[in-house]
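For reference, the chains in residue letters:
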Amino acid sequence: MKITNITTTECHIPLRTPFKTALRTVDCVHDLLVRVETDTGAVGHGEAPPTAVITGETLGSLHTAVEEFIAPALQGMEVEDLDAVMTKLDRCLVRNTSAKAAVDMALYDLFAQSCGKPLYKVLGGARNTIETDLTISVNPVPVMVADARAAVEEGFKVLKIKVGKEGLADIPRLKTIREAVGPEVALRVDANQGWTAKQAVRIITALEDAGVEPELVEQPVPAHDIDGLEYITRRVTTPILADESVFSPADAFQILQRHAADMINIKLMKTGGIWQALKICSAAEVYGVECMMGCMLESKLAVSAAAHLAAARSVITRIDLDGPSLCSVDPYTGGPVYEGPRILMNETPGIGITGVPGFEGV
Ligand code: MG
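Just so you know, these numbers come straight off a predicted model, no measurement behind them.

Draft legend 1. View of the coordination of the magnesium ion. Those protein atoms acting as donors to the magnesium ion are Asp190 (OD), Glu218 (OE) and Asp243 (OD), and they sit at 2.2 to 2.4 Å. Read from N- to C-terminus, the donor residues coordinating the magnesium ion fall into the pattern D-x27-E-x24-D. Of this pair, Asp190 sits in strand S7 (residues 186-190) while Asp243 sits in the loop between strand S9 (240-242) and helix H10 (249-258), and the two are 53 residues apart along the sequence. When sorted by exposure, Asp190 lands in the same class as Asp243, which is buried.

Draft legend 2. Seen up close, the domain arrangement of the chain. Once the domains are mapped, the chain shows domain 1 (3-116) and domain 2 (121-355). Contact residues are listed per partner, giving 42 residues for domain 1 and 47 residues for domain 2. In this assembly, domain 1 packs against domain 2 so that about 3500 Å² is buried in total across both faces, 67% of it on carbon and sulfur atoms. At the junction of domain 1 and domain 2, the tally comes to 15 residue pairs in polar contact (both at pLDDT 80 or more). Only strand S1 (3-20), strand S2 (25-38), strand S3 (43-48), helix H1 (52-55), helix H3 (82-91) and helix H4 (97-115) provide two or more residues apiece to the side of domain 1 that touches domain 2. Ranked by residue count, the leading element in the side of domain 1 that touches domain 2 is H4, at 12 residues. Partitioning the side of domain 1 that touches domain 2 into residue classes produces 22 nonpolar, nine polar and 11 charged.

Draft legend 3. Spotlight on the sheet that holds S7. Taking strand neighbours across the sheet as the criterion, the eight strands line up as S5-S6-S7-S8-S9-S10-S11-S12 in an open arrangement whose pairing is parallel. Unpaired on one side and paired on the other, strand S5 (134-136) and strand S12 (316-319) mark the two borders of the sheet. Looking at each pair of strands side by side, their axes are set apart by 30° on average, direction ignored. Across four bridges, the pairing between strand S10 (residues 263-266) and strand S11 (residues 290-293) is parallel. Considered in S11, the bridge of Met263 is made with Glu290. Its contacts with the sheet put helix H7 (residues 170-181) on strand S6 (158-162) and S7, and the angle it makes with S7 is roughly 160°.

Definitions and cut-offs
Every chain begins its residue count from 1, and numbering advances along the sequence as written. Residues qualify for local features only when their pLDDT is at least 70, as the model is predicted, and side-chain atom pairs are given and counted only at 80 or more; totals for whole chains, interfaces and linings, by contrast, use all residues. Values reported for side chains reflect all heavy atoms of the structure, with hydrogen atoms and water molecules removed beforehand. Coordinating donors are taken to be N, O and S atoms lying within 2.8 Å of the metal, or within 3.2 Å when the metal is Na, K or Ca; because water is excluded from the atom set, some sites may appear incomplete. Elements are defined by DSSP. Helices are runs of H or I of four residues or more, strands are runs of E of two residues or more, and each kind is numbered from the N terminus. The buried label goes to any residue with under 20% of its type's maximum accessible area, the exposed label to any with over 50%, and the partly exposed label to all in between, with areas taken from a 1.4 Å probe on protein chains only. Note: domain ranges come from an automatic or database domain assignment. Two residues form a contact once any of their heavy atoms are found within 4.5 Å. Defined in terms of a 1.4 Å probe, buried area is the accessible area two parts forfeit on being brought together, summed over both. By the criterion applied in these results, polar contacts are pairs of N or O atoms within 3.5 Å in which, for protein atoms, one can donate a hydrogen and the other can accept it, and in which residues neighboring in sequence qualify only through two side-chain atoms. Each residue is assigned to one class: nonpolar for Ala, Val, Leu, Ile, Met, Phe, Trp, Tyr, Cys and Pro, charged for Asp, Glu, Lys and Arg, and polar for all the others, Gly among them. Pairing between strands is defined by DSSP: at least two bridges between them are needed. For helices, the axis comes from a line fit to the C-alpha atoms of the stretch in contact; other axes are also lines fit to C-alpha atoms, and the angle between any two N-to-C directions lies between 0 and 180 degrees.

In structure tokens:
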């Protein structure tokens, strides 16, 4: 199965409600889509969001990376020679991890198709259903309470609460949300780098004392502040999850060796795709550290690639793949089915998504 052509287009999908974190506000998914064509007629698809505030990538840079660097480098290579293709993909330009992820997932889509199996089975998994949390955007407290209650009514048992914009005011905010949803709902708190290390210890300790019992606290301090992350991890009992601090397998090793966090959030857009993400899974297994599978603001195509990896690896114990739930429409055909918190994996070959708007007629 030889790579004959790599082309791009864009998707534009409005969100149900604006997505707000300590870093940004977004009201639609406007992503790069990639199609990899082969000499057998099989095609693979991928997607990358321009998450400039996290990966530094823009729609323009995604186009340039794929069209001017990655496509010429991979042209003519055999998909089944996965090690060689992925090594070339990694080395044809540095960083640009989301652009690489879009092509990586399209290649895995093709590789699994060539095996005649769904991707999660090719990756060694047997879980055909996984369960995701739902993100509650950072907003005035009454809005967050209403959003949290609505999510619980939709069947979500785990909520990811975005905070980190107002420092100590996050303590009463989280207490109010805990009281509103009751003790049965797990709350994951994501500060998106919004606190200092000392502030984080004070806030997390106050949450522990108030009985808020967050399941974990994600990326309390800026991405580069590994010392701060370690400082917090040593001083609180609530598990600390590293997100923006971990892009590459090398980043993960640093966190694991220093025990600077209790868990690692793996996102394909940070790692550069499944090939690199698998290395983080293996490293985390060695250290006995559990992982979360997360996503950026992505539509069903990219999220489904992440879902296949999550379904395949038992070290991924927490799933934060709510992108499709946040989108107002699903423009794709096939792939995993998203039913409230449940993601039911497809049994068709590859990632399973066959209809991708913008590429018809190719
Ligand atoms: Mg996060």
